[in-house]
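Coordinate inspection notes
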Amino acid sequence: MRRKVSNPLALAVLAHLVMGPMHPYELGKKLKDTGKDRNIKFNRGSLYMVVEQLRKAGFVAEQETVKDTQRPERTIYALTDAGRDELHDWMRELVRDPVHEYPQFGVALSLIAVLDPVEAVELLKARAGALTKDLDETRAMVGKATGDGVQWIFLVEEEYRMSLLEAELRLVEKLTGELSQDGYQRQWREIFGRQG
């Protein structure tokens, strides 16, 4: 089903408005404070644009405009019934239906044979180091959040991230070993006509 607004940021906005009406600036702050910016790319301009798209689609509505002496007018947006229905329908679809994605590393792996295996091994070792660092940082962040009393359900996307990092790291280490084998390197030089 084609959605009126299909940007993942729109989904995050709808989900955060379930908690109550907010100004886009406050929404952006909550997205950052809850770490959603690790999974959803946005900036202030894109957030305001998405809120406007949601308003035009009838999923959010202006609740009030607040004016104080320190700041310009701020429009507070609330979730509409149609927005709540859209949020739940969209979430059901995302959780239920696997979608084939096209990650850049998948593209690189599909074409890795063009690289000299010695160079590919060095590049993969560098990637393994970066993956290990990311994994360690994510584990530390989850550990701290858990220690601070954050419930597991609010960290589930980080569990997913760690699972992906662990799986990718295992694959990178396996591939590094396979590309390091003399037999493969000889075969590669025969196919690509290069000397080692």
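This one's a predicted model, so the numbers in the text were calculated from it and none came from an experiment.

Secondary structure summary: the chain contains eight helices and two strands in total. N-terminal to C-terminal, the α/β element order of the chain is α-α-α-β-β-α-α-α-α-α. Since a compact globule built from 196 residues should have a radius of gyration of about 16 Å, the 23 Å found for the chain marks it as more spread out than a globular shape. Across its three principal axes, the chain shows a C-alpha extent of roughly 70 × 40 × 35 Å. Every one of the 196 residues in the chain was classed for burial, and the buried ones make up 32%. Considering only residue pairs separated by 6 or more positions, the chain has 62% of its internal contacts joining residues 24 or more positions apart. With 29 positive and 31 negative side-chain charges, the chain shows a separation of 3 Å between the mean positions of the two kinds.

Looking now at the environment of Ala10. Its location among the elements puts Ala10 in helix H1 (residues 8–17). For Ala10, a relative accessible area of 0% gives the class buried. A C-alpha to C-alpha distance of 8.5 Å links Ala10 and Gln53, two positions 43 residues apart in sequence. For Ala10, the residues in contact, after removing those within four places along its chain, are Val5, Val50, Leu54 and Trp90.

We now examine helix H6 (residues 117–147). Structurally, the α-helix is built with 3.6 residues per turn, so residues lying three or four positions apart point the same way. Compared with an ideal rise of 1.5 Å per residue, which puts 31 residues at 45 Å, H6 spans 44 Å between its outermost C-alpha atoms and is within 8% of the ideal. Those residues of H6 that fall on the buried side of the exposure criterion are Pro117, Ala120, Val121, Leu124, Ala128, Leu131, Leu135, Thr138, Val142 and Ala145. Buried-residue contacts for H6 involve helix H5 (104–110), helix H7 (156–179) and helix H8 (182–192). One side-chain oxygen at the N-terminal end of H6 lies 2.8 Å from the backbone nitrogen of Val118; it belongs to Asp116. Immediately downstream of H6, the backbone of Gly149 shows phi near 95°, a positive value.

In this section: the confidence of the model for the chain. Chain-level statistics for the chain give a pLDDT mean of 92 and a share of 97% at 70 or above. When pLDDT is averaged over each element of the chain, H7 comes out on top at 97 and strand E1 (residues 60–66) at the bottom at 90.

Let us now look at the side chain of Thr138. Tracing the backbone through its elements, the reader meets Thr138 in helix H6. Taking relative accessible area as the criterion, Thr138 reaches 0% and is therefore assigned buried. Engagement of the side chain of Thr138 in a polar contact is seen with the backbone oxygen of Asp134, the distance being 2.8 Å. Leaving out residues up to four positions away in the same chain, Thr138 has contacts with Arg38, Glu158, Arg161, Met162 and Leu165.

By size, the foremost hydrophobic cluster in this structure holds 24 residues, and its most contacted members are Leu9, Val13, Leu14, Leu17, Leu27, Leu47 and Leu54. Elements with a contribution of two residues or more to this core: H1, helix H2 (24–33), helix H3 (44–57), strand E2 (74–79) and helix H4 (81–96). With seven residues, the top contributor of residues to this core is H1. Counting 17 residues, the second-largest nonpolar core is a separate cluster that includes Phe105, Ala128, Leu131 and Leu179.

We now examine the pattern of salt bridges. The final tally for this structure, using the stated rule, is 16 salt bridges. Between Lys36 and Glu157 there is a salt bridge; the shortest N-O distance is 3.1 Å. Separated by 121 residues along the polypeptide, Lys36 in the loop between H2 and H3 and Glu157 in helix H7 bring together distant segments of the chain. Judged by its relative accessible area of 17%, Glu157 falls in the buried class. Each of Arg3, Glu86, Asp89 and Glu93 takes part in a single network of salt bridges with overlapping partners.

Quick notes on the rules
Position numbers for residues count from 1 along each chain, tracking the sequence in the order it is written. The model is predicted, so local features are restricted to residues of pLDDT at least 70 and side-chain atom pairs to those at 80 or more, both for listing and for counting; the totals for chains, interfaces and linings are taken over all residues. Side-chain calculation: all heavy atoms of the structure are included, whereas hydrogens and water are not. Helix and strand definitions follow DSSP, with helices as H or I runs of at least four residues and strands as E runs of at least two, each counted in order from the N terminus. Just to be clear, the radius of gyration here is over C-alpha atoms, and the globule rule we use is 2.2 Å times residues to the power 0.38. Partly exposed residues are those whose accessible area sits between 20% and 50% of the maximum for their type, while under 20% is buried and over 50% is exposed, using a 1.4 Å probe and protein chains only. In this description, contact between two residues means that some pair of their heavy atoms is separated by no more than 4.5 Å. Think of it this way: Lys and Arg go in the positive column, Asp and Glu in the negative one, and His and the chain ends go nowhere. Where a charge sits is defined by one atom per residue type, namely NZ (Lys), CZ (Arg), CG (Asp) or CD (Glu). A helix is expected to span 1.5 Å multiplied by its residue count minus one. Throughout this description, a polar contact denotes any pair of N or O atoms lying within 3.5 Å of each other; where both atoms belong to protein, one of them has to be capable of donating a hydrogen while the other can accept it, and for residues adjacent in sequence the pair is counted only when both atoms sit in side chains. As a per-residue measure, pLDDT tells how confident the predictor is, with possible values from 0 to 100. As used here, the term nonpolar core means buried Ala, Val, Leu, Ile, Met, Phe, Trp, Tyr and Cys residues forming a set that is joined through side-chain atoms within 4.5 Å. Salt bridge, as used here: a side-chain nitrogen of Lys or Arg that lies within 4 Å of a carboxyl oxygen of Asp or Glu.

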